[in-house]
Amino acid sequence: MRRLRQLAERTPAARERYVDLLRALAITMVVLGHWGVTVIGYDRAGRPAGHSALGDLPWAWPLTWVAQVMPVFFLVGGYANAASLAARRARGGTATGWLVDRSARLARPTTALLVVLAAGAAVATLRGADPTQVRTVVWFATIPLWFLVAYLVVVPLTPPMYALHRRFGLAVPLVLVALVALGDLGRLLGPAGLASGNYLFGWLAVHQLGFAWYDARNPGGRPEGQPAGPVDAGPRGLRRRRLPLSRRAGAALLGGGLAALLLLTVVGPYPVVLLNVPGERLDNAAPPSLALLAAATAQLGLILLLREPAQRWLRRPRPWQAVIAVNAVVLTVFLWHLTAAVLLVGLLDALGVLPTPPVGTAAWYAWRIPWLLALAVVLAALVAVFGPIEARTRRPPDTGPAREGARRLRTALAVLGYAGLVTGLLLNSLTPKAAPEPLGLPAPALVAYLAGAGVLRLLRSGWGTRG
């Protein structure tokens, strides 16, 4: 508690604390959402199996308009990435140094998860477990990693995309939305391959709005909290880079987003549900669709409407300390929350007391509360063990300038490192859950990921710099 008080007291007055609150709330909603809709039963072999209840609860589909919070992640990610990049450059650092620094907070907790799961799977396989069943368990535990695939692509694109934002402002996300619409036409009318780019264009569009929010709070792209100078007073061109933060703008975005979402889903061809449900014509989230972007617009409007009261609330010490505490381990909570479900199901099954009420019954609804509470206890234990890996990640001191050749090499290696992370996580996500994998993870995926993480760790240690 003393450490939290110290961190809270050192928070700059100009910090946009609301961004940190949104990140914490989004993680909490993802965790509770995944846990809440999980249905546990037994397969034909008598082994525990799980699936989502959404397919059996169509009445809950409109709730996903709020519960689908991936756009919030990318919105606050855009703000945070712009803020940290501006701060790094103000200290004389480079985009490559920022990129390497940013990788640590993402890679360290993820590496811990993958290594622990692979080690556990190897032990289970050596003890005679079916590699197919081992893979199924690990596949379920690594579902959260699909989000990191998209985010790990967006992060290294931040320097060039922020440069585009500085030049063209809100026109950039508008172009990206048009590209998403083109991809959706491919999904609806063919060829379906046109939609492949939506995995990038959709999330980049929301990420760019984070840049616009940052510029609205810090005109001219100055570091957060720095007093305005002559460059900030300036040209009209700055206006097109700023997200309007007024309540009037929030109401307009909320109303416009909801109207577009209703037209696209109730009248148009898009499913009402914004999460994956087997049998629906489209998956609105994979890749992101126009319907998801309409929901993101409405969510942004609601965020702006609540911004001023939330900012006042966060000036109070205890709420802000709670937000700091959650954000210190936010990625750990996200990464391990389905592993907590695997462990709890395994324990209850081994004790012979695993409840499996049919979805939608009174017994199933009644089981939600003790189920969530038990999962929270298991996750708290996992966070106590693995949270320090994330919480203790520190930014290294800025190094002196590197020679031109070394600088280019470091940039190439940083991009290569991120490519290794993305390749490893993507290979794991694309590998079927019933594939016979003795390590639970495909060996090429594990090798690619660890190689990428190793390269980034080497660069973070200061290799290739001088001074």
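Look a little higher up for the structure.
Residues numbered from 1 in each chain as written. Predicted model: local features only at pLDDT ≥ 70, side-chain atom pairs only at ≥ 80, totals over all residues. Heavy atoms only, no water.

Visitor: Explain the overall build of the protein here, please?
Guide: When helices and strands are tallied, the protein shows 18 helices and two strands. Counting only C-alpha atoms, the protein reaches 70 × 55 × 50 Å along its principal axes. Within the protein, the proportion of its 467 residues that are buried is 48%. Excluding contacts between residues fewer than 6 apart, the proportion of contacts in the protein whose partners are at least 24 apart in sequence is 82%. Taken as a whole, the protein presents about 21,500 Å² of accessible surface, with 68% of it coming from carbon and sulfur. Measuring between centres, the 47 positive side-chain charges of the protein sit 9 Å from its 19 negative side-chain charges. (Helix = DSSP H or I, 4+ residues; strand = E, 2+ residues; numbered from the N terminus. Buried < 20%, exposed > 50% of the residue type's maximum accessible area, 1.4 Å probe, protein only. Contact = heavy atoms within 4.5 Å. Areas by Shrake-Rupley, 256 points an atom, 1.4 Å probe, with all protein chains shown as cover. Lys, Arg positive; Asp, Glu negative; His and termini not counted. Charge placed at Lys NZ, Arg CZ, Asp CG, Glu CD.)

Visitor: Before we go on, may I ask you to explain the pairing of strand 2 (residues 48-52) in this structure?
Guide: It is a general feature of regular strands that their side chains alternate between the two faces of the sheet. When strand 1 (residues 38-42) meets strand 2, the two strands line up antiparallel, connected through five bridges. Its bridge partner lying in strand 2, Val 39 is registered against His 51. Counting the residues in the hairpin turn of strand 1 and strand 2 gives five residues, including Gly 46, whose phi is positive at 80 degrees. (Pairing = 2+ DSSP bridges.)

Visitor: Looking at this structure, how should I read the environment of Phe 140?
Guide: Along the chain, the position of Phe 140 falls in helix 6 (residues 131-141). The partly exposed category is assigned to Phe 140, whose relative accessible area is 21%. Residue contacts for Phe 140: discarding those within four places in its chain leaves Leu 338, Ala 341 and Val 342.

Visitor: Any chance you could explain helix 8 (residues 158-168) here in plain terms?
Guide: Three or four residues apart is the spacing at which side chains of an α-helix point the same way, because the helix has 3.6 residues per turn. Along helix 8, the residues classified as buried are Thr 158, Pro 159, Met 161, Tyr 162 and His 165. The buried side chains of helix 8 occupy one side of the element, clustering within an arc of 165 degrees when seen end-on. Residues of helix 8 that are buried make contact with helix 4 (70-90), helix 5 (95-126), helix 7 (145-154), helix 9 (171-189) and helix 10 (198-217). Just downstream of helix 8 lies Gly 169, where phi reads positive at about 60 degrees. (Arc of directions from axis to C-beta.)

Visitor: Where do I start with the pattern of salt bridges in this structure?
Guide: Any two side chains of opposite charge can pair, so long as their charged atoms come close to each other. Overall, the coordinates contain nine salt bridges when judged by the stated rule. Among the ionic pairs, Glu 16 bridges to Arg 217, the shortest N-O distance being 2.5 Å. Of the two residues, Glu 16 is situated in the loop between helix 1 (2-9) and helix 2 (17-36) and Arg 217 in helix 10; the sequence distance between them amounts to 201 residues. The class for Glu 16 is buried, based on a relative accessible area of 2%. Residue classification places Arg 217 among the partly exposed positions, given a relative accessible area of 22%. Between Asp 20 and Arg 23 there is a salt bridge whose closest N-O contact spans 3.3 Å. With a gap of three residues between them, Asp 20 and Arg 23 both fall in helix 2, about one helical turn apart. Sharing partners across several salt bridges, the network here consists of Arg 15, Asp 20 and Arg 23. (Salt bridge = Lys/Arg side-chain N within 4 Å of Asp/Glu carboxyl O.)

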